[in-house]
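Spelled out, the chains give:
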Amino acid sequence: MRTKGQSFKNNLASTNYDVILLTETWLTNSFHDAEFFSNQYAVFRNDRNYKETNCERGGGVLIAVRLDLKAEQLEFESKQNEMWVKFKLKNTTYIIGVIYFKPQSNTEKYESFLKSLESIENLLLTSEVLLAGDFNIPEISDATYNLENGSSKAKVIKNLASMYNLRSINTIKNSDNRTLDLILTNINAEITTASDLLDKVNPLHPALQVIHQAERKINQTRTTTNYNFKKADFYKMYLRFRDANWESLTQIDYKSVNDAVTTFYEIVYKIFDECVPKVTIRITNKYPIWFDLAIIKKIKLKNKHRTRGKSEEFKEDRKELKKMIRDAYKKYIRNIEVDLRSNSNKFWGYVRSLTSTKQLPEVFEYKTIPLEDPKSIADAFASYKEENLDPNDGLESDLVQSKLHLTNIQESELLESIKVLKPRAAIGEDGIPPYVLKGCAHSLGQVTGEGESGVTTATPALLERDLQSPL
């Protein structure tokens, strides 16, 4: 996979595979998951340790799982090149494993692998299990091969299948009329040659596709409603900020700093409601940025033809789609190169997209309560910090302190702080772009006033979330 990152990623983007198992990836820690997979997948890798094995290439296994399946890695002691994950669909637990044995591996390697599974024995016996990989036992012709009468290696596989109630289902032979890749499972599944290829086919290891029907929660399309500042009436906004009654912030005796912050944003958002239209946005990152509407429509048409059994139309769509994706990617890169001098942010954004890694769990848990949305996760983090960090032990972060010490803030200081904001910086928890603050800076300067010097107060909850959410 080392030299096939972008073509692999482009091919994957036009498919709808839920789980992907790969062997002999040849990857090392210098390769990022994002070079091969979009942020729609959680990637679990076990790269070969080249120093320990005295090898320069080969080996390595990988499992990629759709994020909505919320997979997690099974960790146990093993000396083999393998990877295991588990996830749930409804009330059913699925255990998926992938393994690679080098050619001419001795029988002890296979026995060691079988022995290591004892640590997850209960899971394997009570779950839906699928184990696939390159076992490199050339004598095995297909799923009908009698393992009992085979070599000592074949007998180990026979014992494995018997212990965990698994059966061999791979009937797809390679160019040598053998099945080096085995699939052992207790799942009711159909195996075929893969219809959507992610890479050029190796004749000794044909790409396989396992189809299993299961009830699955349908993901609702998430939407959010935001202010569309691109169509804002900024002149009117400036006047509204200038004429706003900010005196209420100093005249009212607030019970907490959060109440004062709430009043401030009530005034701000009321002005936005008058001057800025709203837009509803679908939250999705399913396709790469260079995919246009024509490509997305062609992907849907291809999948439609496949599900309806129209093989000829499907093949034609697949052929056209590969060319469309290839051309769109070349155009995207060409535009980045042309704009490199005038807008280097595009280039660095693309570089970051290839090195970013999303391996955070989809669901966090705090005090047995599952948390999925960013706000609740940040709040739980703040709660944990408050309960477990001793303010006297020196471990409390300078960025996220429970107490905030304030002195008199002069208008010049506020204006200077706003001045250094980066116009294109990310929007914070309050949803206000930095360029809006810069444009209305002088009007917002009225918020400062004669206040008590040296006040110590609780850090506003909004500020805590703004600082903790990125963590």
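The structure this text deals with has already been given above.
Residues numbered from 1 in each chain as written. Predicted model: local features only at pLDDT ≥ 70, side-chain atom pairs only at ≥ 80, totals over all residues. Heavy atoms only, no water.

Colleague: What exactly am I supposed to notice about the overall build of the chain here?
Modeller: Of the regular secondary structure elements, the chain holds 16 helices and 17 strands. In the chain, which comprises 471 residues, the share counted as buried stands at 38%. Carbon together with sulfur atoms contributes 50% to the accessible area of the chain, which is approximately 28600 Å² in total. (Helix = DSSP H or I, 4+ residues; strand = E, 2+ residues; numbered from the N terminus. Buried < 20%, exposed > 50% of the residue type's maximum accessible area, 1.4 Å probe, protein only. Areas by Shrake-Rupley, 256 points an atom, 1.4 Å probe, with all protein chains shown as cover.)

Colleague: Explanation requested: the packing of aromatic side chains in the structure shown.
Modeller: Aromatic ring pairs: the centre-centre distance and the angle between the two ring planes describe each pair. The tally for this structure, following the rule as stated, stands at 18 aromatic pairs. Taking the centre distance of 5.4 Å and the plane angle of 70° together, the rings of Phe-8 and Phe-37 count as edge-to-face. Residue Phe-8 is located in helix α1 (residues 5-13), and its partner Phe-37 is located in the loop between β1 (19-23) and β2 (41-46); the two are separated by 29 residues in the primary sequence. Given the relative accessible area of 4%, Phe-8 is considered buried. Take Phe-37: its relative accessible area is 3%, and that puts it in the buried class. (Phe/Tyr/Trp six-rings, centres within 6.5 Å; stacked < 30°, edge-to-face > 60°.)

Colleague: Honestly, the nonpolar core in this entry has me stumped. Any pointers?
Modeller: In this structure, Trp-84, Leu-117 and Phe-135 are the most contacted members of the largest nonpolar core, which totals 27 residues. Those elements that provide at least two residues to this core are β6 (92-100), α3 (107-116), β7 (128-134), α5 (152-163) and β9 (181-185). The dominant element in this core, judged by the number of residues it contributes, is α5, at five residues. The next biggest cluster of nonpolar side chains, apart from the first, holds 23 residues, and it includes Leu-67, Tyr-94, Ile-96 and Ala-132. (Core = buried A, V, L, I, M, F, W, Y, C linked by side-chain atoms within 4.5 Å.)

Colleague: How do you make sense of α5 when you look at a structure like this?
Modeller: An α-helical turn contains 3.6 residues, so any two residues separated by three or four positions project in the same direction. Between its first and last C-alpha, α5 extends 16 Å over 12 residues, near the 16 Å set by a 1.5 Å rise per residue. Along α5, the residues that are buried comprise Lys-153, Ala-154, Val-156, Ile-157, Leu-160 and Ala-161. Across the axial projection of α5, the buried residues extend over an arc of 155°, all falling on one side. If you follow the buried residues of α5, they end up packed against α3, β7 and β9. A positive backbone phi angle near 55° is found at Asn-165, which sits one or two residues after α5. (Expected span 1.5 Å × (residues − 1). Arc of directions from axis to C-beta. Contact = heavy atoms within 4.5 Å.)

Colleague: Explain the sheet that holds β9 here, please?
Modeller: Note on sheets: strands pair through backbone hydrogen bonds, and any given pair is parallel or antiparallel. One open sheet accounts for six strands, arranged β4-β5-β6-β7-β9-β8; its pairing is mixed. A strand with exactly one partner marks an edge of an open sheet, and here the two such strands are β4 (72-73) and β8 (167-168). In this sheet, β6 lies alongside strand β5 (residues 81-89) in antiparallel orientation, the contact comprising nine bridges. Across the sheet, the residue bridging to Leu-89 is Thr-92, located in β6. (Pairing = 2+ DSSP bridges.)

Colleague: Quick question: what am I supposed to make of the sheet that holds strand β3 (residues 61-66) here?
Modeller: Sheet architecture is open: three strands sit in the order β1-β3-β2, paired in antiparallel fashion. Of all the strands in the sheet, just β1 and β2 have a single pairing partner and so form its edges. Pairs of neighbouring strands in the sheet enclose a mean axial angle of 10°, with direction left out of account. In this structure, β2 lies alongside β3, joined through six bridges in antiparallel fashion. In the sheet register, Phe-44 faces β3, and the bridge partner there is Ile-63. (Axes fitted to C-alpha atoms, helices over the stretch in contact; angles between N-to-C directions.)

Colleague: Sorry, what's going on with unusual backbone geometry here?
Modeller: Outside of glycine, negative phi angles account for most residues, and trans bonds account for most peptide bonds. Backbone geometry at Gln-104 places phi at a positive 65°, although glycine is not the residue there. For Gln-104, the location among the structural elements is in the loop between β6 and α3. For Gln-104, a relative accessible area of 72% translates into the label exposed. Positive phi, normally seen in glycine, also occurs at Asn-165, with a value near 55°. With respect to the helices and strands, Asn-165 occurs in the loop between α5 and β8.

Colleague: Can you walk me through helix α9 (residues 293-307) in this structure?
Modeller: For α9, built from 15 residues, the straight-helix expectation of 21 Å at 1.5 Å per residue is met to within 8% by its first-to-last C-alpha distance of 21 Å. What α9 keeps buried is the set Ile-295, Ile-296, Lys-298, Ile-299, Lys-302, Asn-303 and His-305. If you follow the buried residues of α9, they end up packed against α1 and α10 (311-338). Near the N-terminus of α9, the side chain that reaches the backbone nitrogen of Ala-294, with its oxygen 3.2 Å away, is that of Asp-292. (Polar contact = N/O pair within 3.5 Å; in protein donor to acceptor, adjacent residues only side chain to side chain.)

Colleague: Looking at this structure, I do not really get the pattern of salt bridges. What am I missing?
Modeller: Oppositely charged side chains are able to pair whenever their charged atoms sit close together. Taken as a whole, this structure holds 13 salt bridges when the rule is applied. Linking Lys-298 and Glu-320 is a salt bridge whose minimum nitrogen-to-oxygen distance equals 2.9 Å. Of this pair, Lys-298 sits in helix α9 while Glu-320 sits in helix α10, and the two are 22 residues apart along the sequence. Classification of Lys-298 as buried rests on a relative accessible area of 15%. (Salt bridge = Lys/Arg side-chain N within 4 Å of Asp/Glu carboxyl O.)

Everything listed here is a matter of coordinates, which is why it stays silent on function.
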